[in-house]
Amino acid sequence: MTEDALVEIRNLSIDFATGRGAVHALREVNLSVGRRRIVGLVGESGSGKSTLALALLGLLPENTSKVTGSIELEGKNLLALKPEQLEHLRGRRIAMIFQDPMTALNPVFTIGTQLVDAQRNRHPRLGRKELLKRAAAMLTRVGISDPKTRLSAYPHQLSGGMRQRVMIAMALLCEPDVLIADEPTTALDVTIEAQIVDLIKDIQAEFSGSIIFVSHSLGLISELCDEVAVMYAGKVVESGPTRSLFERPSHPYTQALLACEIDPDTEPGERLVTIKGGLPDLVDVPSGCIFAARCPARFDKCSQEPALREVAPGHNAACWLV
Amino acid sequence: MDILRRIWRSPSGRIGLIATLLVVIGGLAAPLIATHMPNQIDVAARLSPPSATHWLGTDHLGRDLFSRGLYGTRIAVGVALAVTATALFIGILLGVIAAYAPTPVERIILAVFDIISSYPSLILALALVAVLGPGLLNIIILVTIVFVPQFGRIARAQTLTIKERPFLEAERALGASGSRIMFHHVLPNIVGPIVVLASMNIPVVITLEAGLSFLGVGIRPPLASWGSMLFDGFTYLEQSVWPVLVAGGMLTLATLGFTLFGEALRDAIDPKLRREP
Amino acid sequence: MNGFWSKGGLARYGASRLATAVLVLVGSIAFLCSLTLIVPGDPARILLGARATPELVESFRQQMGLDLPLYERVFVFFKHALQGDLGTDVISGRSVTDMVLAALPNTILLAVSAIGLAVLIGIPIGCYAAVRPGSLLDQALAVLSVGLVATPSYVVAILLLYFFSVWLGWFPVLGAGEPGNFLDQLHHLVLPAIALAVGWIGYIARLVRSSLLEVLSEPYIRTARAYGQPERRIVMKYALKLACIPTVAILGVGIGELMGGAVFVEVIFNRPGLGSLVIDAIRVRNYPVVQGCILIIVAIFVLTNLLVDFAYAWLDPRVRENLGRARNGGGA
């Protein structure tokens, strides 16, 4: 827990109410995001990473039944803020790039209108013309040619890659302190994905804030992020500087994830590596280590939930084997 | 009957079922329950409010409103059933023919459907009434015409889906005759959506017929159609509200009942057919 | 508005809708003309009824072109109609066109007022019910709308007339008011317009409510919230525009029912207009007048649907992409 962290998440637990009972989506998650750092959140679907991202913005769904712990932005607990105060922060100090740009953009308004409206919180005094100019400049910056035409276009008239660039532009226009990218390339083709990743790398050099990059792909995370937190079934199982984590993956889940990544040197005909089993039930959470059921290295101590243990400076893993 | 049970469970379905039963039983039992003959004139008691002898009051000729209301049920429901049955028959016939017939025939049938259904129903009814003239039989005929396209289109659509199914090919290969295929396979499959449509149609027919009668171009007095009762009552509205109230009340009860019942039936048979709001 | 008119596609769309509209109109006329074939016996004599003197029968026959084969009759009728001649009144000999044109403004006034009322009251109620689901208003809306939609419109109209005009005496019972006296005419318009609008208000409110609820749960609304847009602007600007699209669509179809409702309201409130005209004509078997009225009513219906189609394209840019693709069914 660094002292000058921009965002400090402590013991965050979130429950959702469903027909079957309360789903414990996040269980005592701790995370620290330093200034000008890029932190990656990696995990499979259902790991809770998107829930964490939404919690930062205060955009949890209606059926959220319990939120405990704290999310501090420069010392202020976001969970204790009133809705108007949260509204004030969104689009000014925190901005988010959503996963599917087609559904994230309003189909009946032009790109220009949406980009202008997104900036209103940040620059309440600027007029529409001024905001459009800024938007056009930013569109060029994110690699969209002919910005003037694009501003008058509607979302369905743009390709998937362009729409995502628009979403990135939208977030950058707010000049936020924290930029959250929630699986920004998941909905795109691989070739477009590569372009977007290059764009993000390009942007990050001049970006003065912190980035939280959520993904299920370790490959992307390794390319972009300074630090990584690996999540599984609502808990952070391993976290640390990217280099250290990839050189010495210590939690069996991390090791398994790495093994699953398709290696270009794989011989055709070789079986792909998978992790046997499925996610545990998040309503009736089993006790002990959450990964134990699927862990190839489990032993009897695993019936107790392991605390985070240090692997290397700044690098921790929640496993008795460390 | 599982379907009835499902209908009973929803509150609106329950209301619909009760109202519908009230109306239908009232109509069937009219000769037994009615206190007077529907056309019995008693000028001395004209336009009187409810009393011990006339439970719901009298109209401008002294006829008992309660009895006329009950007998009106027979006309309303009777016309609705006649119209629906006939429209069903013709509609299914034309629809199935359209599905099997060569293209020119199909085109013509569809064009006729389109033209008829492009008219607002009241307007079409008025045009037909202008030509045919009023009266019970004519009303049945022209309202039937108004509703044929709906049934026809569904029948055709369902037949088209069934037509190409492999098991029919198999039957044909085994030498089954066309009519066997038609009756044994095609028709039973059409039944579902059509039954629902027919039940939701009944209140619409009742409303249309009563409306035409109210305008004076439908079923004429002295026949006790609720519409014609409204027509009579409206003329004397300032002197007594009861004729209008009874006729309007019965109409509302019937339409509300059949509508709620029809919706509950639809939901019970196939919730997929539901559309908001 | 971005490229709304610029794309050739929209012109194609407009042309195809127009063509469909014309086809429907022609089909309707053909249908109207062919109706006289249904009449058993000699159409002229039957339609004229008791007034059938030989001269009248002959002139009627000529006017309706009953000797001509069907397609010629349609053609002749069309030719006359385009020249503004819709035939002559069998009884008074007046030009049907004159009669119809005199009655038309009243009906349009009534219809527009009713739609205006329904939209102005229905949309806000629907909005409120969507933003505060489960509230008293929402529940009241749910119950009332079912009841009102099922009740025949003329019953509601008669009850309104009785309650507010006869019993309370707040509104006049008959007519459209003194010509030239705006306030008086307005006074006469209120109750009929309300009577016509009542069923619609409930329906529109429910429609707006459900489509607004649907829109508000869409991802792009979440994006707007993520950028700190105030909730009010989100509902009014972003959500509402989308939620109104289905409302516009049903307006098109509903015009037909509205016209039917207008007939009842005009008769019940004794207002001049196409409705009263056509009913009176039917009662006395004045067939040319009936034909002329119905033609105009159908023309209005078709025209309104055309306008609705354009409004639809204006509201939803995605629809403009599907331009030129023929829609099935002519009209309703």
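Residue numbers run consecutively from 1 along every chain, following the written order of its sequence. As they are written, the chains are lettered A onward and the ligands numbered 1 onward, keeping that order. Per-residue local features of the predicted model are confined to residues with pLDDT of at least 70, and side-chain atom pairs are confined, for both listing and counting, to 80 or more; whole-chain, interface and lining totals are unaffected and use all residues. Where side-chain values are given, they derive from all heavy atoms of the structure, hydrogens and water being excluded.

Caption draft 1: Inspection of the interface of chain C and chain A at higher detail. Any two residues having at least one pair of non-hydrogen atoms within 4.5 Å are treated as being in contact. Listed per partner, the contact involves 25 residues of chain C and 30 residues of chain A. Here's the idea: put two parts together, see how much 1.4 Å probe accessible area each one loses, and the total over both is what we call buried area. Both sides of the chain C and chain A interface together cover about 2,300 Å² of buried area, and 60% of this is carbon and sulfur. Each salt bridge in this description consists of a side-chain nitrogen of Lys or Arg and a carboxyl oxygen of Asp or Glu lying within 4 Å of one another. One can count 1 salt bridge joining chain C with chain A. Think of a polar contact as two N or O atoms within 3.5 Å of one another; within protein, one of them needs to be a possible hydrogen donor and the other a possible acceptor, and neighboring residues in sequence only count if both atoms come from side chains. Linking chain C with chain A are 9 residue pairs in polar contact (both at pLDDT 80 or more).

Caption draft 2: Up close: the sheet that holds strand 9 (residues 227-232) of chain A. Residues and elements named next belong to chain A. Each pair of strands is called paired provided DSSP finds at least two bridges between the two strands. Where helices and strands are cited, they refer to DSSP runs of H or I of at least four residues and of E of at least two residues respectively, numbered from the N terminus. Strand order across the open sheet formed by 8 strands is 6-7-8-3-9-10-12-11, with mixed pairing between neighbours. Two strands close off the open sheet at either side, each with one partner strand: strand 6 (94-97) and strand 11 (309-312). Ignoring strand direction, the axes of neighbouring strands in this sheet form an average angle of 20 degrees. By the bridge criterion, 3 bridges tie strand 11 to strand 12 (residues 315-317) in an arrangement that is antiparallel. Bridge pairing in strand 12 places Arg-309 opposite Ala-317. Angular values range over 0 to 180 degrees, each being the angle between N-to-C directions of two axes fitted as lines to C-alpha atoms, with helices fitted over their stretch in contact.

Caption draft 3: Region of interest: the side chain of Ser-113 of chain C. All names here are of chain C. Assignment of secondary structure puts Ser-113 in helix 5 (residues 96-131). A distance of 2.6 Å separates a polar atom in the side chain of Ser-113 from the backbone oxygen of Leu-109. Each residue touching Ser-113, except ones within four places of it in the same chain, is listed here: Leu-189 and Ala-193.

Caption draft 4: Inspection of the interface of chain C and chain B at higher detail. Taken together, the 48 residues of chain C in the interface contact 41 residues of chain B. Together, Phe-31, Tyr-154 and Ile-158 of chain C form the three largest contributors to the area buried by chain C at its contact with chain B, with a combined 15%. Listing elements by their share of the side of chain C that touches chain B, those giving two or more residues are helix 1 (8-38), helix 6 (136-150), helix 7 (153-167), helix 8 (182-216), helix 10 (231-268), helix 11 (274-283) and helix 12 (287-315) of chain C. If one sorts the elements of the side of chain C that touches chain B by residue count, helix 1 of chain C sits on top with 8 residues.

Caption draft 5: Looking closely at the packing of helix 1 (residues 2-9) of chain B against helix 11 (residues 242-269) of chain B. Residues and elements named next belong to chain B. Their axes nearest at 9 Å, the elements helix 1 and helix 11 cross at an angle of 120 degrees. Judged by the inter-axis angle, helix 1 sits oblique to helix 11. As helix 1 runs across helix 11, the sense of the crossing is right-handed. Contacts between helix 1 and helix 11 involve Ile-3, Arg-6 and Ile-7 from the first element and Phe-261, Ala-264, Leu-265, Ala-268 and Ile-269 from the second. For this scheme, ten residues count as nonpolar: Ala, Val, Leu, Ile, Met, Phe, Trp, Tyr, Cys and Pro. Four count as charged, namely Asp, Glu, Lys and Arg, and the remainder, Gly too, count as polar. The residue inventory of the contact of helix 1 with helix 11, partitioned by class, reads 7 nonpolar, no polar and 1 charged. If an angle is under 35 degrees, it is roughly parallel; if it is over 145, roughly antiparallel; if it lies from 65 to 115, roughly perpendicular; otherwise it is oblique. Crossing handedness follows the turn of the near helix against the far one: under a right angle anticlockwise gives a left-handed crossing, and clockwise gives a right-handed one.

Caption draft 6: Seen up close, the pairing of strand 9 of chain A. Residue and element names in this part refer to chain A. Taken across its 6 residues, strand 9 has 5 buried, putting it largely inside the fold. Pairing of strand 3 (residues 38-42) with strand 9, which is carried by 4 bridges, proceeds in the parallel orientation. Residue pairing across strands places Val-39 opposite Glu-227, the latter belonging to strand 9. Sheet topology places strand 9 next to strand 10 (residues 235-241); 6 bridges connect them, and they run antiparallel. By the bridge assignment, Val-228 is partnered in strand 10 with Gly-240. The antiparallel pairing of strand 9 with strand 10 creates a hairpin that spans 2 residues between the two strands, and Ala-233 there sits at a positive phi of about 50 degrees. When accessible area is computed with a 1.4 Å probe and restricted to protein chains, residues below 20% of their type maximum are described as buried, those above 50% as exposed, and intermediate ones as partly exposed.

Caption draft 7: View of a nonpolar patch on the surface. All names here are of chain B. Note on patches: the residues involved have over 30% relative accessible area and no salt bridge, like charges join within 9 Å, and the nonpolar side chains Val, Leu, Ile, Met, Phe, Trp and Tyr join within 5 Å. Computed with the Shrake-Rupley method and a 1.4 Å probe, the accessible areas treat only the protein chains shown as cover for residues. Residues Phe-89, Ile-90, Leu-93, Ile-97 and Val-105 make up a contiguous nonpolar surface patch of about 420 Å² in total accessible area. In terms of residue count, helix 4 (residues 65-100) provides more of the nonpolar patch than any other element does, 4 residues in total. According to the relative accessible area criterion, Leu-93 is partly exposed, its value standing at 44%.

Caption draft 8: Geometry of the nonpolar core. Only buried residues count toward a nonpolar core, which is a set of Ala, Val, Leu, Ile, Met, Phe, Trp, Tyr and Cys residues joined through side-chain atoms within 4.5 Å. Residues Leu-126 and Leu-212 of chain B are the most contacted members of the largest nonpolar core, which totals 146 residues. No other element matches the 21 residues that helix 10 of chain C contributes to this core. Counting 101 residues, the second largest nonpolar core, distinct from the first, contains Ala-25, Leu-73, Phe-207 and Ile-211 of chain A.

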